[in-house]
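A closer look at the structure
These are the residues of each chain, in order.
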Amino acid sequence: MSEHDTGSVREVLIKYFDSTERLAKIVDREVPYPDGKLIVSRTDPSGVITHANRAFIEMSGYAREELLGVNHYILRHPDMPAVAFKDLWDTVAQGKKWQGYVKNLRKDGAYYWVKATVIPNIRNGELVGYTSVRRKPSRSKIKESEALYETLR
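Bear in mind that the values here come from a model prediction, so they are computed numbers and not experimental data. (Residues numbered from 1 in each chain as written. Predicted model: local features only at pLDDT ≥ 70, side-chain atom pairs only at ≥ 80, totals over all residues. Heavy atoms only, no water.)

This brings us to the environment of Gly109. On the secondary structure map, Gly109 appears in the loop between β6 (98-105) and β7 (111-123). Linking Gly109 and His77, residues 32 residues apart in sequence, is a C-alpha distance of 9.0 Å. Dropping the residues within four chain positions of it, Gly109 is found in contact with Lys25, Ile26 and Val27. (Helix = DSSP H or I, 4+ residues; strand = E, 2+ residues; numbered from the N terminus. Contact = heavy atoms within 4.5 Å.)

Turning to the UniProt feature "domain: PAS" (unreviewed entry) in the chain, a few remarks are in order. Sequence positions flagged by UniProt for "domain: PAS" (unreviewed entry) are, in local numbering, residues 44-79. Here residues 44-79 is 31% helix and 11% strand, with 25 Å between the C-alpha atoms at its ends. (UniProt positions renumbered as here; feature names shortened; annotations may be inferred.)

An order of β5-β4-β8-β7-β6 is seen for the 5 strands of this open sheet, with the pairing classed as antiparallel. Each having just a single partner strand, β5 (49-52) and β6 make up the two edges of the open sheet. Each strand of the sheet is rotated relative to its neighbour by a mean of 30°, with strand direction disregarded. Relative to strand β8 (residues 126-135), β7 runs antiparallel, the two sharing 9 bridges. Note that in β8 the partner of Asn121 across the bridge is Gly129. The strands touched by helix α3 (residues 82-93) are β6, β7 and β8; relative to β6, the strand with the most contacts, the crossing angle is about 140°. (Pairing = 2+ DSSP bridges. Axes fitted to C-alpha atoms, helices over the stretch in contact; angles between N-to-C directions.)

Successive residues of a regular strand alternate their side chains across the two faces of the sheet. Looking at chain direction, strand β4 (residues 39-43) and β5 are connected through 3 bridges and run antiparallel. Looking across to β5, one finds that Arg42 is bridged to His51. Hairpin connection, β4 to β5: the antiparallel pair is bridged by 5 residues, and Gly47 has positive phi, about 95°.

A rise of 1.5 Å per residue sets the reference length of α3, with its 12 residues, at 16 Å; its end C-alpha atoms lie 16 Å apart and thus fit the reference within 8%. By the burial criterion, the buried members of α3 are Ala84, Leu88, Thr91 and Val92. Along α3, the residues classed as buried sweep out an arc of 90° about the axis, all on the same side. Away from its buried face, by an angle of more than 90 degrees, α3 presents the exposed residues Lys86 and Ala93. Close packing links the buried residues of α3 with β6, β7 and β8. Directly after α3, the chain includes Gly95, whose backbone phi takes a positive value near 80°. (Expected span 1.5 Å × (residues − 1). Buried < 20%, exposed > 50% of the residue type's maximum accessible area, 1.4 Å probe, protein only. Arc of directions from axis to C-beta.)

Written out as structure tokens, the structure is:
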């Protein structure tokens, strides 16, 4: 990732595992996760979003039409180390549930933290995609995750 500082907003070139890249606006502003909400999304086996609930749409800042058919990595904040997502994909590829803390990037460049659970969706013995359910994380887990991720970048 390369960065260009433009005052309180910075632009970061984010490169993804499939060789795509995009210039993202990053704003150092956390949007608090709302109490009592669950963010739910489903993807196909390659991570392309096929379902987004209202809480997901509201927290991400994207319209439903902007999320459906797009890879879930559109939400990847550049502060998230690639190794965290490698662990996620390695775990779910084995048919196991993955849980972790993720800093997501909103459309407006702000961010929000989630406690994420990702499970493989198996139908008739075949992987058809993944379901991700996100909850409000505790402040202490966010602080732990920030410290850990700093060492992994």
